[in-house]
Amino acid sequence: MEQLTTIKKLIEQGDVEQAFRLIDHFLQTSSSNKDQAYYLQGNAHRKSGNWQQALNSYTRSIELNPDNPAREARRMVMDILNFFHKDMYNQ
């Protein structure tokens, strides 16, 4: 659990590259709390502007634990993406 706290702090500080390295290591070596790791991975992707990967990570987290914060985070990302009216860019 301490690793997840460290990862969360790295994301908050904007050090997403280090957060990704720690998340990858955590997912390879841990057998518990993987849903939380995928949620944090989604947060790191969102912070770096990679919306599709964020959605993928949130979805994986929800598959492992439907009652975690990834559900709300995924909904918020979808709201943001749906807000942009893509036809307006072509005017």
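Here the structure is a predicted model, which means the values were calculated and not measured.

About the cut-offs
Residues numbered from 1 in each chain as written. Predicted model: local features only at pLDDT ≥ 70, side-chain atom pairs only at ≥ 80, totals over all residues. Heavy atoms only, no water. pLDDT = per-residue confidence, 0-100. Helix = DSSP H or I, 4+ residues; strand = E, 2+ residues; numbered from the N terminus. Core = buried A, V, L, I, M, F, W, Y, C linked by side-chain atoms within 4.5 Å. Buried < 20%, exposed > 50% of the residue type's maximum accessible area, 1.4 Å probe, protein only. Axes fitted to C-alpha atoms, helices over the stretch in contact; angles between N-to-C directions. Parallel < 35°, antiparallel > 145°, perpendicular 65-115°, else oblique. Left-handed = near helix turned anticlockwise from the far one by under 90°. Contact = heavy atoms within 4.5 Å. Nonpolar A, V, L, I, M, F, W, Y, C, P; charged D, E, K, R; others polar. Expected span 1.5 Å × (residues − 1).

> Explain the confidence of the model for the protein chain here, please?
Caution applies to low-pLDDT parts of the model: their predicted coordinates are not meant to be read in detail. Per-residue pLDDT for the protein chain averages 91, and the proportion of residues at 70 or more is 92%. Of all secondary-structure elements in the protein chain, the lowest mean pLDDT belongs to helix α5 (residues 70-83), at 90, while helix α3 (residues 34-47) reaches the highest, 97.

> Any chance you could explain the nonpolar core here in plain terms?
Nonpolar side chains in soluble globular proteins tend to end up buried together. Of all hydrophobic cores here, the largest spans 14 residues; its most connected members are Leu4, Ile7, Ile11 and Leu40. When residues of this core are traced back to their parent elements, those giving at least two are α1 (2-13), α2 (16-29) and α3. The greatest single-element share of this core, amounting to six residues, is contributed by α2. Core analysis: the next-biggest nonpolar cluster, separate from the first, contains seven residues, Ala54, Tyr58, Ala70 and Ala73 among them.

> Teacher, can you tell me more about the packing of helix α4 (residues 51-64) against α5 here?
Any two packed helices are characterised by how steeply their axes cross, that is the angle between the axes, and by the distance between the axes. The N-to-C vectors of α4 and α5 enclose an angle of 150°; their axes lie 9 Å apart at closest approach. On the basis of the axis angle, α4 is roughly antiparallel to α5. Here α4 runs over α5; the crossing is left-handed. Contact with α4, carried on its side by Trp51, Leu55, Tyr58, Thr59, Ser61 and Ile62, involves Ala70, Arg71, Ala73, Arg74, Val77, Met78, Ile80 and Leu81 of α5 and no other residues of that element. When grouped by side-chain class, the residues that make up the contact of α4 with α5 number ten nonpolar, two polar and two charged.

> When you look at α3 in this model, what are you seeing that I'm missing?
Residues three or four positions apart in an α-helix share a direction because the helix packs 3.6 residues into each turn. Look at α3: 20 Å from first C-alpha to last across 14 residues, which is about the 20 Å you get at 1.5 Å a residue. For α3, every residue scored as buried is listed here: Asp35, Ala37, Tyr38, Leu40, Gln41, Gly42, Asn43, Ala44 and His45. Buried residues along α3 sit against α1, α2 and α4. Backbone geometry just downstream of α3 places Gly49 in the positive-phi region, at approximately 85°.

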